[in-house]
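# Working through the structure, step by step
The lines below spell out each chain.
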Amino acid sequence: MKSDKVAKNFFEKGNEQLALGKYSEALANYNNCLRFVVNKTIESAAFAARAEIFFKTGHYKQCIENNQSVEDLNNLIDKIEYLKNIEEKCKNANESVDERDEFFKLSLPKNEKIPFIANCLEVRENEMYGRFIATTQDLTPGSIVIIEEPFYKILSSTERNLRCAVCLKQNALNLISCTKCSTAMFCSKKCADSTIHKYECGTMEENFEKALLRRMFYQAIDICGSLQELEKLMNHHDPKKTIMNFDLNDADELKNFKNRMLATMTLAEREPWSSEAYAKYETVTRELKAETEHEKDFLRNYLVHCLKSMTVNFFHFFWSSEEKAPGKGFAICSLAAYFAHSCDPNCDKVDFDNKFVFVARKPIKKGEQLTICYDRYNFLTHTLAERKEYFNRVYTFDCGCVACTHNYQKLCNLPKIDKEFVEPKVNHESFSAMKTQYTNNCEYIRDHIEQYPCYEICTLMNQNNHLLHSMGNFLALA
Ligand SMILES: [Zn+2]
Ligand SMILES: [Zn+2]
Ligand SMILES: [Zn+2]
């Protein structure tokens, strides 16, 4: 799987990008080089090149780490003097901590048992929506109510040189490669040493669902210790419990993991396995070690149950607001899974690093349900007929949201309310410019909401979604 020929090719591509000042692209290529490399000289040259980029982009900690890797390889390449020089400069540089670090944090006090959600959220249930999320307080536009790291997540094969295979963090592209295979890079030593990758090492599963199903199983075995223990745990779980019934603040990390695992298992009802569903994933199950007939039966049931929780609840990682951007990761959340769809959603989902951040798009009243838009099908982008067809085909539901009931028009046909309104151009110049624009947009939305739906508010809501993604990407690389 490792190959110096492939590595060298990527190294040269990296050099081309570096010469053009395209640092992210160059890093992506050097990372690919490090995935495949065996030869120590090429390896240390790739680390040296990364050190140079991290120096130029002000990532001093990462610069020093990469210099250290060059030194560890004990391979004196001609750049070493230069590296020593920049390392000295890095040590003297003062990294400034500013407003950026504080941007993605909950806008309200956190829930005492579930630290990643605001204390105003509840999971409720009714006939129409099943379980859903509601707020017990009024929310203003821009309020951040959930910052959830999905419990199960898997990276798309196209992103192998860009994110950690275990936790999906980007770590400013300063990744380390698996020493055995070319299919995984890691954000840290901790992830590199995790047992999860030991199960997956060298596997080239291209199918998202299969890869995720396999991870759901290995993660469960890792947490429980054995198939027998997993079975015991599953037999004791109460399917009525949602994540709101668990306490995730326990000092015992393993206990938290077990609770989060159980909370994701209660997302779908348990049903006996169908041979049809099982056959689809036979390649996954064949490699799992079940010995007795009883174990095999349990395993089949368990996997079908995982499959069900997955197919009705998965999220994509997008890391981009581009409408046509493909999903780059696949994830299951224990709380965010309860978000219902609306073609006129009141929350935005922003994919920040390896987490999903949920933010109020517009004012939300106490008692109201929180909604997001599934698969980017909303009234601004798709007509009623297009949405009807899509949701019936993919999710087998008839959307009863306010936009569908009142047939809200697409953006270009919406009424204009404000003669003074000048559509602001999205300003990407700096983080603080984006933040100011975002804050102004939120205020405008709050002050004019009585006239919703209108062209102005919808334009600014779109812009805010875009700004949130840009700010998230900026911070992830900062
Ligand atoms: Zn990681
Ligand atoms: Zn590996
Ligand atoms: Zn709808």
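Remember, it's a predicted structure, so these values are computed and weren't measured experimentally. (Residues numbered from 1 in each chain as written. Chains lettered and ligands numbered in written order. Predicted model: local features only at pLDDT ≥ 70, side-chain atom pairs only at ≥ 80, totals over all residues.)

The terminal C-alpha atoms of helix α4 (residues 60–72), which comprises 13 residues, lie 18 Å apart, in line with the 18 Å expected from a rise of 1.5 Å per residue. Along α4, the positions that sit buried rather than exposed are Gln62, Cys63, Asn66, Asn67 and Val70. Each buried residue of α4 lies within a common arc of 140° when the element is viewed along its axis, so the set occupies one face. The outward face of α4, more than 90 degrees from its buried face, is lined by the exposed residues Lys61 and Asp72. A positive phi of about 55° marks asparagine 74, the residue just after α4. (Helix = DSSP H or I, 4+ residues; strand = E, 2+ residues; numbered from the N terminus. Expected span 1.5 Å × (residues − 1). Buried ≥ 20, exposed ≤ 12 C-beta atoms within 10 Å, placed from the backbone. Arc of directions from axis to C-beta.)

Strand order in this open sheet of three strands is β4-β8-β7, and the pairing throughout is antiparallel. The open sheet has two edge strands with one neighbour each: β4 (152–155) and β7 (315–317). On average, each strand axis in the sheet is tilted by 20° relative to the strand beside it, whichever way the strands run. As paired elements, β7 and strand β8 (residues 329–332) share three bridges and run antiparallel to each other. In the strand pairing of β8, phenylalanine 315 is matched with alanine 331. (Pairing = 2+ DSSP bridges. Axes fitted to C-alpha atoms, helices over the stretch in contact; angles between N-to-C directions.)

Moving on, we come to the sheet that holds strand β3 (residues 144–148). Sheet strands pair via backbone hydrogen bonds, and the direction of the pair is either parallel or antiparallel. Spatial ordering of the open sheet is given by β3-β11-β10, a layout of three strands whose pairing is antiparallel. Across the chains shown, the open sheet's two edge strands, defined by having one partner strand only, are β3 and β10 (347–352). Shown here is a sheet whose adjacent strand axes are inclined to one another by a mean of 20°, direction ignored. Here four bridges tie β3 to strand β11 (residues 355–360), and the two strands are oriented antiparallel to one another. Across the sheet, residue isoleucine 144 finds its bridge partner in β11, namely valine 359. Running at roughly 20° to β10, helix α17 (residues 455–477) makes contact with β10 and β11 of the sheet. (Contact = placed C-beta atoms within 7 Å.)

Attention now moves to the domain arrangement of the protein chain. Domain boundaries in the protein chain define domain 1 (4–92), domain 2 (121–148 + 333–477) and domain 3 (152–315). Distance between the C-alpha centres of domain 2 and domain 3: 30 Å. Classifying every residue of the side of domain 2 that touches domain 3 gives eight nonpolar, two polar and two charged. (Domains from an automatic or database assignment. Nonpolar A, V, L, I, M, F, W, Y, C, P; charged D, E, K, R; others polar.)

Turning our eyes to something else, we now look at the environment of asparagine 161. Mapped onto the secondary structure, asparagine 161 falls in the loop between β4 and β5 (176–177). You can call asparagine 161 buried: it has 21 C-beta atoms within 10 Å. C-alpha separation for the pair asparagine 161 and leucine 175, spaced 14 residues apart in sequence, amounts to 7.9 Å. Ignoring any residue separated from it by four or fewer positions in sequence, one finds asparagine 161 in contact with Ala28, Asn31, Asn32, Arg35 and Met185.

Close contact between helix α1 (residues 4–19) and helix α3 (residues 40–56) brings their axes to 11 Å; oriented N to C, the two are set at 25°. Between α1 and α3, the angle is such that the two are roughly parallel. Crossing geometry of α1 relative to α3 is assigned as left-handed. Side by side, α1 and α3 meet where Asp4, Ala7, Lys8, Phe11, Gly14 and Leu18 of the first sit next to Ile42, Ala45, Ala46, Ala49 and Ile53 of the second. Of the residues in the contact of α1 with α3, the class split is eight nonpolar, one polar and two charged. (Parallel < 35°, antiparallel > 145°, perpendicular 65-115°, else oblique. Left-handed = near helix turned anticlockwise from the far one by under 90°.)

The relative placement of two packed helices comes down to the angle between their axes together with the axis-to-axis distance. In contact at an axis separation of 8 Å, α3 and α4 are set at 160° when each is read in the N-to-C sense. Comparing the axis directions of α3 and α4 gives the class roughly antiparallel. For the element pair α3 and α4, the recorded crossing hand is left-handed. Contact residues: Ser44, Phe47, Ala48, Arg50, Ala51, Phe54 and Phe55 in α3; Gln62, Cys63, Asn66, Asn67, Ser69 and Val70 in α4.

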